[in-house]
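# Coordinate analysis (summary)
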Amino acid sequence: MMNKVFVLAFNYHEAKSFIYKNDNPGDYIILNSPDQLKGTISPQVKIMPNAYRREDFLDMMDAITVRQGKIIR
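Residues numbered from 1 in each chain as written. Predicted model: local features only at pLDDT ≥ 70, side-chain atom pairs only at ≥ 80, totals over all residues. Heavy atoms only, no water.

## A closer look at the sheet that holds strand S2 (residues 28-30)
Where strands meet in a sheet, backbone hydrogen bonds hold them as pairs that are either parallel or antiparallel. Stated formally: Pairing between two strands requires that DSSP report at least two bridges joining them. Secondary structure counts use DSSP, requiring at least four H or I residues in a row for a helix and at least two E residues in a row for a strand, with both numbered from the N terminus. Only the stretch in contact is used when a helix axis is fitted, and all axes are lines through C-alpha atoms; the angle between N-to-C directions ranges over 0 to 180 degrees. Should any heavy atoms of two residues lie within 4.5 Å, those residues are counted as being in contact.
Pairing is parallel in the open sheet, where four strands are placed in the order S2-S1-S3-S4. Two strands lie at the open edges of the sheet, namely S2 and strand S4 (70-72), each paired on one side alone. Direction aside, the axes of adjacent strands within the sheet are offset by 35 degrees on average. Two strands pair when backbone bridges link them, and strand S1 (residues 5-8) and strand S3 (residues 44-47) are joined in this way by four bridges, in the parallel orientation. Across the sheet, residue Val 7 finds its bridge partner in S3, namely Lys 46. Where helix H1 (residues 12-20) meets the sheet, its contacts fall on S1, S2 and S3, and the angle it forms with S2 comes to roughly 175 degrees. Here helix H2 (residues 57-66) sits on the sheet and contacts S1, S3 and S4; the angle it forms with S3, its principal contact strand, is near 150 degrees.

Given below as structure tokens:
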């Protein structure tokens with residue numbers, strides 16, 4: 001079983017567009033808040049190109065770093 005990959009995007013539509021272009025959309029979870037990463041160990045996070053425009057981008061990156069997440073570009 002493959003681990004779920006979190007998708008950090010600028011908005012919901014960008015994330016949904018990426019997820020449904022893939023063969024296995026069930027393998028992805030849209031990352032809406034840093035709280036979603038609580039209890040995870042080394043989560044995999046796909047960062048979309050416009051994600052840096054989010055108001056909470058630095059908080060998200062801090063949460064990923066604290067949980068020793070793997071960033072996929």
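Still more to cover.
## Regarding the packing of aromatic side chains
Each pair of aromatic rings is reported with the distance of its centres and the angle of its planes. The cut-off we apply is this: Only Phe, Tyr and Trp rings take part, Trp by its six-membered ring, and two of them pair if their centres are within 6.5 Å. Stacked means planes under 30 degrees apart, edge-to-face means over 60, and tilted covers everything else. Geometrically, a lysine NZ or arginine CZ counts as sitting over a ring once it is within 6 Å of the ring centre and also within 35 degrees of the ring normal.
Across all of its chains, the model carries one aromatic pair by this definition. Geometry around Phe 10 places Arg 53 over its ring, the cationic atom sitting 4.4 Å from the centre.

## Section: the environment of Asn 11
Cut-off, in case you're wondering: Note on classification: 1.4 Å probe, protein chains only; a residue is buried when its accessible area is under 20% of the maximum for its type, exposed when over 50%, partly exposed between these limits. N or O atoms within 3.5 Å of each other form a polar contact, as long as, within protein, one can give a hydrogen and the other can take it, and as long as residues adjacent in sequence are counted only when both atoms are side-chain atoms.
Secondary-structure assignment places Asn 11 in the loop between S1 and H1. Taking the relative accessible area as the measure of exposure, Asn 11 reaches 34% and is therefore partly exposed. Sequence spacing of Asn 11 and Ile 30 is 19 residues, and the spatial spacing of their C-alpha atoms is 9.6 Å. At 3.3 Å, the side chain of Asn 11 and the backbone nitrogen of His 13 are in polar contact.

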